[in-house]
Amino acid sequence: FPVERIRNFSIVAHIDHGKSTLADRLLEITGDFLQRVTSRCWINCRWRENEESLLNYEVSRSISACQGVLLIVDANQGIQAQTVANFYLAFEAQLTIIPVINKIDLKNADPERVEKQIEKVFDIPKEECIRISAKLGTNVDQVLQEVVKRIPPVDDLFKALVFDSTFDHYRGVVANIALFGGRVSRGDKIVSAHLGKSYEVNELGLLRPDEHPTETLYAGQVGYVIAGMKEVKEAQIGDTLYLHKQPVEALPGFKPAKSMVFAGMYPMDQSEYTALRSAVEKLMLNDSSVTVQKDSSLALGAGWRLGFLGLLHMEVFNQRLEQEYNASVIVTAPTVPYKAVLASAKLIKSRRAVQKNMFYIDEHRVMIKYIFPLNEIVVDFYDQLKSMSSGYASFDYEDAGYEAADLIKMDFLLNGRPVEELATIVHKDKAYSAGKAICERLKESIPRQMFEIAVQAAIGSKIIARETIKAYRKNVLAKCYGGDVTRKMKLLKKQAEGKKKLRRIGNIDVPKDAFINVLKRK
Ligand code: GDP
Ligand code: MG
């Protein structure tokens, strides 16, 4: 395929505005001429029998592998938080943006209103919007014609963006790449812009979605290369590959993955430490955005401190550990990074949420930007916002850097013994209410035991809150009369299962969820 016939574009939208549906429609029309990527795979398809343009599009993250985007907006819901976020990603990458108003078949569709929003918020003339129904296929052809007309073709010096990389036990690192220009063949010498290291291409091929080895990959195609890289780090997501002796300017790539949420992770039982370590290591080979540091705690023993991109990322990682590796772990409540400066903190003026600006999208919707301390939004802010607004509000965030704040460390003690994993950093003004609330939640999450348990919150040596969990003699057999052996066995088994989920701290059994539950607001 001649390079000037190739278009790379992405479909981006707020959730449920119709990316997948439009993608399916485009595939139906284009057949083998369209190459598709979801987060992990591309499929080659054709765009009509006699059209000769090859189109690539991707549904998810690698906006930067494209020259243009289709920005889908629901004709009923209008612009939402991720619509704005996606627009800015594309805008900053200087891509051609084609606004597409989807679901015009809906009874409540109001494409005119949405066009006005697009004009007002993104400064794109409403004449540039394409009204479609992805569901019924209305105007989907026109979308393809506009892609060819408005989005520029790819370049002709070989440069490729690494948008994913995985580790294969036998073949080493497999880098998934999108070719922005030129071509690359088996035996070529390539260089990674990030580390400046050279490699020889041993194997390469198309992804559709499984690997199809070829001799050469061309501009606009998406495929994989294996080139003797030993670690995922050598094919970092967002890196640029080019041919030895034909250096190119590195592609803007992605923002480097930055850990925003940290949590401690410990085996349920120290005897499982080695197995868990190997599971964590394996998972990390496939996810270079997780950071890890060894850690240990008096109460929970040896473990790690892991850094994640966000709470969802953390949950997915834990789920994979439990499902794929059958690992049983304790995850401590997530924290966000702070930089501690030892200084006379009262001198520093602190602020919590600060409104930055407010913008009326139209008479019904307003977009407000705040700067929030990350710890205020990381656990359950989104759930609360959704429920308070009956699902209407949408939310997106980006890192705004560190800011000075009046923070103190609060410890929690079980029968006088501090539990490091529960220690938290709070704003000074919230210390009393947070301490009290967390003690109450701990009281709810920790089952009564054979002895009384004092739950205390402390700042330094000063106790600021206390709850008491009364002693309770737990005897599951008490309810059993006489000889029903099966029932007795069942109850004993149930009790044993219940125990498995408990973690012994000192002589106190703490359910593993307690660590994460304490930070959730009611
Ligand atoms: P995504 O989250 O952006 O990938 O959105 P989907 O493509 O999964 O669509 C979300 C929902 O909207 C699905 O139930 C679709 O059937 C529906 N949908 C998508 N396009 C249209 C359309 O043009 N008209 C109508 N009525 N529904 C649509
Ligand atoms: Mg979808």
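What counts and what doesn't
- Residues numbered from 1 in each chain as written.
- Chains lettered and ligands numbered in written order.
- Predicted model: local features only at pLDDT ≥ 70, side-chain atom pairs only at ≥ 80, totals over all residues.
- Heavy atoms only, no water.
- UniProt positions renumbered as here; feature names shortened; annotations may be inferred.
- Helix = DSSP H or I, 4+ residues; strand = E, 2+ residues; numbered from the N terminus.
- Buried < 20%, exposed > 50% of the residue type's maximum accessible area, 1.4 Å probe, protein only.
- Contact = heavy atoms within 4.5 Å.
- Salt bridge = Lys/Arg side-chain N within 4 Å of Asp/Glu carboxyl O.
- Phe/Tyr/Trp six-rings, centres within 6.5 Å; stacked < 30°, edge-to-face > 60°.
- Pairing = 2+ DSSP bridges.
- Axes fitted to C-alpha atoms, helices over the stretch in contact; angles between N-to-C directions.

An unreviewed UniProt entry lists the protein chain under the name Tr-type G domain-containing protein, with Sinocyclocheilus rhinocerous given as the organism. The annotation that UniProt attaches to the protein chain under Function (unreviewed entry) is "Promotes mitochondrial protein synthesis. May act as a fidelity factor of the translation reaction, by catalyzing a one-codon backward translocation of tRNAs on improperly translocated ribosomes. Binds to mitochondrial ribosomes in a GTP-dependent manner." Taken from UniProt, the Subcellular location (unreviewed entry) comment for the protein chain reads in full: "Mitochondrion inner membrane".

Caption draft 1: Layout of the overall build of the protein chain. Looking only at helices and strands, one finds eleven helices and 30 strands in the protein chain. Out of the 522 residues belonging to the protein chain, those deemed buried represent 46%. Within the protein chain, counting contacts between residues at least 6 apart in sequence, those at least 24 apart form 65% of the total.

Caption draft 2: Geometry of the pattern of salt bridges. For the structure on display, the rule yields 15 salt bridges. In this structure, Glu-146 and Arg-150 form a salt bridge, with 2.9 Å as the shortest nitrogen-oxygen distance. Highlighted residues: Glu-146 and Arg-150, both in helix 4 (residues 140-150), separated by four residues, approximately one helical turn. With a relative accessible area of 9%, Glu-146 lands in the buried category. The exposure class of Arg-150 is partly exposed, given its relative accessible area of 25%. In this structure, Asp-429 engages Lys-428 in a salt bridge whose closest nitrogen and oxygen atoms are separated by 4.0 Å. Where salt bridges share partners, they join Asp-168, Arg-171, Glu-203 and Glu-211 into one cluster.

Caption draft 3: Molecular detail of the packing of aromatic side chains. Evaluation of the coordinates by the stated rule reveals five aromatic pairs. Judged by centre distance (5.2 Å) and plane angle (80°), the rings of Phe-87 and Tyr-88 are edge-to-face. Residue Tyr-88 is classed as partly exposed on the basis of its relative accessible area, which comes to 35%. Clustering of aromatic rings is evident, with ring pairs tying together Phe-87, Tyr-88, Phe-91 and Phe-122.

Caption draft 4: Seen up close, the sheet that holds strand 16 (residues 222-226). Strand order in the open sheet formed by eight strands is 12-11-17-8-9-16-13-14, and the pairing between neighbours is antiparallel. Two strands bound the open sheet, and with one partner strand each, they are strand 12 (198-200) and strand 14 (211-213). Sheet twist, expressed as the mean angle between neighbouring strand axes with direction ignored, is 40°. As paired strands, strand 8 (residues 159-168) and strand 17 (residues 240-243) are joined by three bridges and run antiparallel to one another. If you follow Ala-160 over to strand 17, its bridge partner there is Leu-241.

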